[in-house]
Amino acid sequence: MAPIDTSKKPIVWILGGPGSGKGTQCDKIIAKYGFTHLSTGDLLRAEVKSGSDRAKCLTSIMERGELVPNETVLELLKEAIEARAADSKGFLIDGYPREKSQGIAFEKAIAPVTVIIYFEASCETLTKRLLGRAASSGRADDNEETIKLRLKTFLDNNDLVLAQYPDKLKRINAEASVDEIFGEVQKILDPIVAAAAN
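Keep in mind that what you see is a predicted model, and the values were worked out from it rather than measured.

Peer 1: So what's going on with the overall build of the chain? Residues and values would help.
Peer 2: Each helix and strand counted, the chain has eight helices and five strands in total. By the compact-globule yardstick of 16 Å for 198 residues, the chain fits well, its C-alpha radius of gyration being 17 Å. By principal-axis analysis of the C-alpha atoms, the chain measures approximately 50 × 45 × 30 Å. In the chain, which comprises 198 residues, the share counted as buried stands at 42%.

What follows is the structure in structure tokens.
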């Protein structure tokens, strides 16, 4: 399989803490630009359902509460990108990489990332949003202590990821309204998409 030409098929990493609203923005990006949305969580769940040998192995890892090895996640991403490379306008990689080594491995195995969009919000805002979400969904694991811990883990790892890509990183203030945030997203993606179409 030939490597993906990211000048024609941009690869966009979408990063943001839990509660940053990146899911909503991903939906809007897909609707406007027709990008293929790949979430590592969705890919893993689909693989587990497939009943393959790999699925059996994944199920036992998850049942033990362990993290799925990065090689496996990368394989799934690579397969998904290759399967859709011919007819996709570009790829939206959601919630990956979560740590520095994953970013390096992705670029080595698949292709260099075109741009990284980071939805930035303060810990206070994210905590408030997640608590609000927990109240409405009745998720017991979403208490304030757990949330703060999740956010700290995310931010510590994320800072290391972001530090690797000073030239490709675009930060967006995720405390604004959904439409204002999407306005900023379009400023980043419009020129990339226009260049890819030529």
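There's more to say after this.
Peer 1: I'd love a proper account of the pattern of salt bridges, names of residues and values included.
Peer 2: Within this structure, the stated rule accounts for 14 salt bridges. Here R64 and E66 are joined by a salt bridge, their closest N and O atoms 3.1 Å apart. Through salt bridges that share partners, E47, R54, E75 and E79 make up one connected network.

Peer 1: I'd like to hear about the pairing of strand β4 (residues 115-120), residue by residue, with values.
Peer 2: Counting buried residues in β4 gives five out of six residues, a clear majority hidden from the surface. Relative to β4, strand β1 (residues 11-16) runs parallel, the two being bridged by five bridges. Bridging across to β4, V12 finds its partner in V115. Bridging between β4 and strand β5 (residues 169-173) involves five bridges; their strand directions are parallel. The partner of I116 across the bridge, within β5, is L169.

Peer 1: Tell me about the environment of R54, residues and numbers included.
Peer 2: Within the secondary structure, R54 sits in helix α3 (residues 53-63). Taking the C-alpha atoms as reference points, R54 and S88, separated by 34 residues in sequence, lie 26 Å from one another. If sequence neighbours within four positions are ignored, R54 has contacts with E47, T72, E75, L76 and E79. Reaching out from R54, the side chain makes a polar contact with the side chain of E47 at a distance of 3.2 Å.

Cut-offs and rules
Residues numbered from 1 in each chain as written. Predicted model: local features only at pLDDT ≥ 70, side-chain atom pairs only at ≥ 80, totals over all residues. Heavy atoms only, no water. Helix = DSSP H or I, 4+ residues; strand = E, 2+ residues; numbered from the N terminus. Rg over C-alpha atoms; globule rule 2.2 N^0.38 Å. Buried < 20%, exposed > 50% of the residue type's maximum accessible area, 1.4 Å probe, protein only. Salt bridge = Lys/Arg side-chain N within 4 Å of Asp/Glu carboxyl O. Pairing = 2+ DSSP bridges. Contact = heavy atoms within 4.5 Å. Polar contact = N/O pair within 3.5 Å; in protein donor to acceptor, adjacent residues only side chain to side chain.

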